[in-house]
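Coordinate analysis (summary)
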Amino acid sequence: MNIFRSLIGKVWQDPNAAEVVKISTGQLYLVRPGNIRTSRECIYNEAMATIRRVPNLEHNFQLVITRVYEEGDQELLEDEDETDEERVFLISQELEFRIGENDGESTLVWRDLDGDVDEFFEFIAPGTNEPTRAFFETCMYRAMYERKYKMSADNTRDTDFQEFVWHPPLSTKVKVTPRRKVSSKANTVPSSSTSAVASSLAPEPSAKDRTPSLTKKTTDPSTESLISCEAELYSWDTKTDRFNNEGIVTASIMRPKNTSFQSWLTAENDSGLLLAHQITQDMNQRFSYKMLSLTWNHQGDDGSQSSWLFRFSEEHLAVFLQKFTECLWETLHHSSWAKLKADEQIYAVSANEDVEMRDVENDEDDEEEVLSELDPDEEASDEEEGSDEDQDTPIKIPGSDRNSQLTVGYKGDRSYVVRGNNIGVFNHSSENGVKFYGSITKLATPKGKGFKPNHVMLHDQDTKMVLMNPTEPHSLFSMDIERGKIVEEWKVHDDITVDHIAPDNKFAQTTREQTLVGVSHNSLFRIDPRVSGNKMVENEYKQYVSKNKFSGVATTASGRLAVASEKGDIRLFDSIGKNAKTALPPLGDPIIGIDVTADGRYIVATTKTYLLLIDTLIGEGRYQGSLGFDRSFPATAKPMPRRLQLRNEHVAYMGRSISFTPAKFNQGPGKEENAIVTSSGQFVIAWDFKKVKKGYLDQYEIKKYEDHVVQDNFKFGDDKEIIVALDNDVLALNKKNLKKPNRHSLAPEGSFGSRSNIVNTPY
């Protein structure tokens, strides 16, 4: 909160300024949970929220919601004796003020002190940016502090405001909403590996009710509890866009006694077992120290997604996080957690922690965003308006195959899409679209043997394309793009396969650089097509004895290398042929793609269900200020990885489990990376990298398509236009046409009320 200290000095400390901060657009609602007449009443359809000083009463402030009249409305009301133009609330701790979210929009929430204990006001602020929302929240806490202590908040620290941050109280009684009976037709047959405890659970519900249902059954004695503690259980209701409180439960991690590396997350109360979800990489788990919660997804037999939340006491959250991380790691590795070194255990646990990556030097950006929103006369951002420029007519490449790969060129504004043994060539038009230019058909080796490439890469100023042939893994094939023909086979080595390739450096495709980087399952080497015979450069070759299962390689602008593996570990090299300077331990999930910023500061590694963001800057010790590519991290100061993942309620709306494609930074010589793009299923997803670096890890936007997204990437040298390859289409998407995720932008049409959230899974 103190990042706004200089801004507060401009707007707070002026005693002549009646208004401290304002959100200029929004709607005010009065919410009455459980009211028969209406649970949600709109007070003002158009309104503004202001924090205002109380005249002649020092250290007191008011939250004022003022109705905004549309043109002509004011005249109609002038003759009325009484109008309801504003609502005023004295700011104090009793308001139980907090920030919320409704359909992806920020909300301000506080108690109705004149109503019942559970009634509250909600001010929905559509379009309000994150810094403005955070600044408004900071001002509310400052006002509470000054009223309580009758003194200025100028010399306060962030921790001084913690007492005013509202947390929902833990219930003292178990209160489970009555549910319908479970259909006997929904029985499931457990797998052989889980049959020992399958009888402990009731049949799963039928797929008629969208609301999650809880079944009750006694815990099986053949299981052991690894950890148990009291928690509140919540389930996400897609109809109301809220988590429903299911009452106090005992949250546990259970393990069948006849298995070593399978664990279940369970909840039970006095009536018996309520749910049991197997701990897997698809749970999309999120721990939050701010909310003292664990949130996760569960996939039913029909593929539908539900979202659940445990809320712990502060002392229980840390130990539950530790045990959950251990069990997930053992499930993925089929190995004992105790075999990990202490620093590797810390690294794995830290990836699940909800910790900010805030960079103080960038706080001025927040202040500028807030000031621009506080001043309505400021020029609007170019990205605030825009029409959808997506093409309506699919662009198809000849053949019955589907699109499988996309590579974006820098020269001539072209992109290339692989479709079977054909390659479609597309021009980026000036109208922010793509146009089909032509196709390279019937790809074949110089000996005339046709093949379907499993990877392609532009090379030598986009005059060549390097292709990998899955049937000839020891060779690469060079295609002359102008001729549209493969002209050379580069035999790399007789015994070593080429599983992955990368350019010599991040922007090598814009130069005449001839060499490139190759990776096998356990080796890293340079390839030079100019040498006679095999093309591997013998003195630039590093092989590991163990089976590392390398799964990808990326290079920086200076040629440093990051190599990922299916085990989940990442190695950083300053050059080929030497040992890695840094070896980051695996979290367990296979890495399917890796990218790095041009300067090497940040790495984004893609797994099936999350992106792993790593800051390679060494923060302490002898080599403080160096990067992990050049020096080894001290054992006590390894980087703390951050997980970028979709919110669990958003996954529930999407209706299917997450399966990310390799994520990419925007790129271009001299261009700063400020966005990360990936896709999953029908959705293109982009993170604002500037916000991510400040700790806002779930600040992403989404675009849904009717077809499956094969791959996406930014146009070369551009951070706004995204080239998207669908199964049977290729198009350009302007980043401003991405939308905030909510049920309307995510959910399959007509899905509400038709698909069940499956609760139990036999274990």
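A short tour of the structure in this document, coming up.

As a further point, take the layout of surface pockets. There is about 1100 Å³ of room inside the second largest pocket. In this structure, the second largest pocket is lined by 45 residues; those nearest its centre are His455, Val456, Ile501, Lys664 and Gln711. Elements with a contribution of two residues or more to the lining of the second largest pocket: β15 (403-408), β19 (455-459), β23 (500-503), β27 (550-555), β31 (593-596), β35 (664-665) and β39 (709-714). Residues belonging to the lining of the second largest pocket are distributed by class as follows: 22 nonpolar, 17 polar and six charged.

As a further point, take unusual backbone geometry. Phi at asparagine 284 takes a positive value of approximately 55 degrees, unusual for a residue other than glycine. Along the chain, asparagine 284 turns up in the loop between β11 (272-278) and β12 (286-288). For asparagine 284, a relative accessible area of 3% corresponds to the buried category. Positive phi outside glycine occurs at lysine 549, with the angle close to 55 degrees.

Here we take up the packing of aromatic side chains. Summed over the entire model, instances satisfying the criterion amount to 25 aromatic pairs. Taken together, a centroid distance of 4.9 Å and an interplanar angle of 45 degrees make the contact between tyrosine 145 and tyrosine 149 tilted. On the criterion of helical spacing, the pair formed by tyrosine 145 and tyrosine 149 is a turn pair, its members being four residues apart in helix α3 (residues 130-149). Take tyrosine 145: its relative accessible area is 11%, and that puts it in the buried class. Residue classification places tyrosine 149 among the partly exposed residues on the basis of a relative accessible area of 37%. Arranged with centres 5.2 Å apart and planes meeting at 90 degrees, the rings of tyrosine 602 and phenylalanine 689 form a pair that is edge-to-face. Note that tyrosine 602 is positioned in strand β32 (residues 602-606) and phenylalanine 689 in helix α8 (residues 689-693), a separation of 87 residues in sequence. There is no split in this pair, since tyrosine 602 and phenylalanine 689 are both buried. Every member of this aromatic cluster is reached through a ring pair, and the members are Tyr145, Tyr149, Phe161 and Phe164. The ring centre of tryptophan 166 lies 3.8 Å from the NZ or CZ of arginine 98, which sits over that ring.

How each quantity is defined
- Residues numbered from 1 in each chain as written.
- Predicted model: local features only at pLDDT ≥ 70, side-chain atom pairs only at ≥ 80, totals over all residues.
- Heavy atoms only, no water.
- 1 Å grid on protein atoms, 1.4 Å probe; cavity = no way out; pocket = protein on both sides within 12 Å on 5 of 7 lines; lining within 4 Å.
- Points joined across faces, edges and corners; volume = space filled by probe spheres on them.
- Helix = DSSP H or I, 4+ residues; strand = E, 2+ residues; numbered from the N terminus.
- Nonpolar A, V, L, I, M, F, W, Y, C, P; charged D, E, K, R; others polar.
- Buried < 20%, exposed > 50% of the residue type's maximum accessible area, 1.4 Å probe, protein only.
- Phe/Tyr/Trp six-rings, centres within 6.5 Å; stacked < 30°, edge-to-face > 60°.
- Lys NZ or Arg CZ within 6 Å of the ring centre and 35° of its normal.

It is worth stressing that arrangement in space is one thing and function is another; only the former is reported here.
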